[in-house]
Amino acid sequence: MKGLKIVSTGRALPAKVVTNDDMSKLVETSDEWIATRTGIRTRHFCEGEKQSDLAEQAARRALEHGKIDPKDLCACIVATVTPDHSAPTSACLLQQRLGLPEDIPCFDMNVGCTGFIYALQVARGFLLQSGRPHALVIGAESLSRITDFTDRGTCVLFGDGAGAAVVKLEEDSLYACTLGARGDAEAIFIEGPGSERPYIHMDGQKVFRFAVEAVPHCIHVLLEETGLSLEDIDWFVPHQANKRIIDHVAKKLKVPNEKFYQNMMHYGNTSAASIPIALDEMAEQGLLKQGQKILCVGFGAGLTWGGALLEW
Ligand code: UT7
C-alpha cells in the first residue's frame, strides 16, 4: 500500500503572548484555575496578523524546510474554522501569495479541531490521482476573533496559530486513517458571521466526556487496522485541547505519559492548527526519528474525530 509520509513541516504563531494573569484581568479567573483544569499557561493572540498570514508563514516554512518547489504540489488544503473570509478561501489566497500552480485544487475545510487529520486523508486522495509528488496541508486559526472575552468558561482555552505539512506518497510505508462525525450543535456551537454573538459556545463537560471516549476509540481502530500494539507506537500526537484529557487517555490506555506530546501550556487550544504545530515543534527538537511510528489524533466541533497513523 502507498502510505502517506510527512516530508517537512512549519509553524507560525502571532507575536503577542497572553498569560493566564493577563486573562484574569478580563474575567474572574486565575492562573491556578486555568493551569490546573487545562494545563494552559500562555497563548498567542493575533494583533494585526490575519489567519491567512499565519497560514502563509507556516506554509512557506514547510516548503523551505523540505526544499519543495511549489510547482510540485498537487493540492493546497487549509483546515480552519476561522478563515479571513467566506470567499476567497485562505487556500486560494495562498495560491496567489505562494505562486502555486493554477491547475490544482486549493480549498478550505471546516472540520473543527479534527481538520488537519481529515485534510491529510483528503490530500492522500489527490496524491493518488495526481502526477505531482507533493501536497500542502495546513491547519490555521485565529480563534481570538470568535472568542467571547466575557465568558470565562471558553475565553481562557483558545489561542491563535498555524501549522503546515508537505506530504507525499511512499510505497510500502505504514499508513492508516480513521475519520468520524456525529452531529451535535450543543457540545460546540459557533454562530456564523453576521450573528449577534458570533462566538464559540461550548458545553465543556460534554466535550470532555466525548474526547476521552473518542481519542482511545481512534487509537484502537488504527491499531486494529494495522495489527500494531500500543507499545509499537513511538509518539502519540493528540489535539492539544486540555492536559487533563490527554493525561486521562494515557492513564486509561496504560501508556507512559511522556509518549503523548503536550504543548498546550504554551499555545492553548489552537483547533485545527494544534497537531501540525506540535509536529513541527517535535521535528525541530529532533524528537521525531526516521522510521518512528506516529499516531496523530484529533476531536472537536461537529462533533468530529479522526486519527492518522504514519511512519516518520
Ligand atoms: O477543541 C475543542 C475541544 N474542547 C475541549 O476539549 C474542552 C473540553 N472541556 C474542558 O476542557 C473542561 O470542561 C473545561 C476546562 C472547559 C472546564 O473544566 P471543568 O473542570 O469541566 O469545569 P466546569 O465547567 O465543571 O466548571 C467548574 C467551575 C464552575 O463554577 P461552579 O459552578 O462550580 O461555581 C465554573 O463556573 O469552574 C468555573 N469556571 C471557572 N472558574 C475560574 C469555569 N471557567 C472558569 C475559569 N476560571 N476560567
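Here's a quick rundown of the structure. (Residues numbered from 1 in each chain as written. Predicted model: local features only at pLDDT ≥ 70, side-chain atom pairs only at ≥ 80, totals over all residues. Heavy atoms only, no water.)

Next up on the list: the site of the ligand. As a matter of local geometry, the ligand sits amid 23 residues, with Thr29, Arg37, Gln205, Asn242 and Asn269 nearest to it. One of the side-chain N or O atoms of Arg37 is found 2.8 Å from an oxygen atom in the ligand. In this structure, an oxygen atom belonging to the ligand sits 3.0 Å away from a side-chain N or O atom of His239. At a threshold of 2 Å from the grid points, most atoms of the ligand map onto the largest pocket. For the shell around the ligand, the secondary structure elements donating two or more residues are α2 (31–38), α6 (152–155), α7 (204–226) and α8 (243–253). In terms of residue count, α7 provides more of the shell around the ligand than any other element does, 4 residues in total. Looking at the shell around the ligand residue by residue, the class counts come to 11 nonpolar, 8 polar and 4 charged. Taken together, domain 1 (2–171) and domain 2 (175–311) each give at least three residues to the shell around the ligand, which thus spans both. (Near = heavy atom within 4 Å. Polar contact = N/O pair within 3.5 Å; in protein donor to acceptor, adjacent residues only side chain to side chain. 1 Å grid on protein atoms, 1.4 Å probe; cavity = no way out; pocket = protein on both sides within 12 Å on 5 of 7 lines; lining within 4 Å. Sits in = over half its atoms within 2 Å of the grid points. Helix = DSSP H or I, 4+ residues; strand = E, 2+ residues; numbered from the N terminus. Nonpolar A, V, L, I, M, F, W, Y, C, P; charged D, E, K, R; others polar. Domains from an automatic or database assignment.)

Structurally, His239 can be placed in the loop between β11 (235–238) and α8. By relative accessible area, His239 is classed as buried at 2%. Excluding residues within four positions of it along the chain, His239 makes contact with Cys113, Ile246, Asn269, Ser271, Ser274, Ile275, Val297, Gly298 and Phe299. (Buried < 20%, exposed > 50% of the residue type's maximum accessible area, 1.4 Å probe, protein only. Contact = heavy atoms within 4.5 Å.)

Two side chains bearing opposite charge may form a pair once their charged atoms approach each other closely. Applying the stated criterion across every chain yields a total of 16 salt bridges. A salt bridge links Asp103 to Arg132, with the nearest nitrogen and oxygen atoms 3.1 Å apart. Of this pair, Asp103 sits in the loop between α4 (90–98) and β5 (106–109) while Arg132 sits in the loop between α5 (115–129) and β6 (134–141); the two residues are 29 residues apart in sequence, bridging distant segments of the chain. Judged by its relative accessible area of 25%, Arg132 falls in the partly exposed class. Asp247 is the partner of Lys243 in a salt bridge, and the nearest nitrogen-oxygen pair spans 3.3 Å. Of the two residues, Lys243 and Asp247 both sit in helix α8, 4 residues apart, roughly one turn of that helix. In this structure Lys243 comes out as partly exposed when scored by relative accessible area, which is 31%. A residue is classified by how much of its surface remains accessible, and Asp247, at 23% relative accessible area, is partly exposed. Each of the salt bridges in this network shares a partner with another, and the network as a whole consists of Asp53, Glu56, Arg60 and Arg97. (Salt bridge = Lys/Arg side-chain N within 4 Å of Asp/Glu carboxyl O.)

These values are about where atoms sit, not about what they do.
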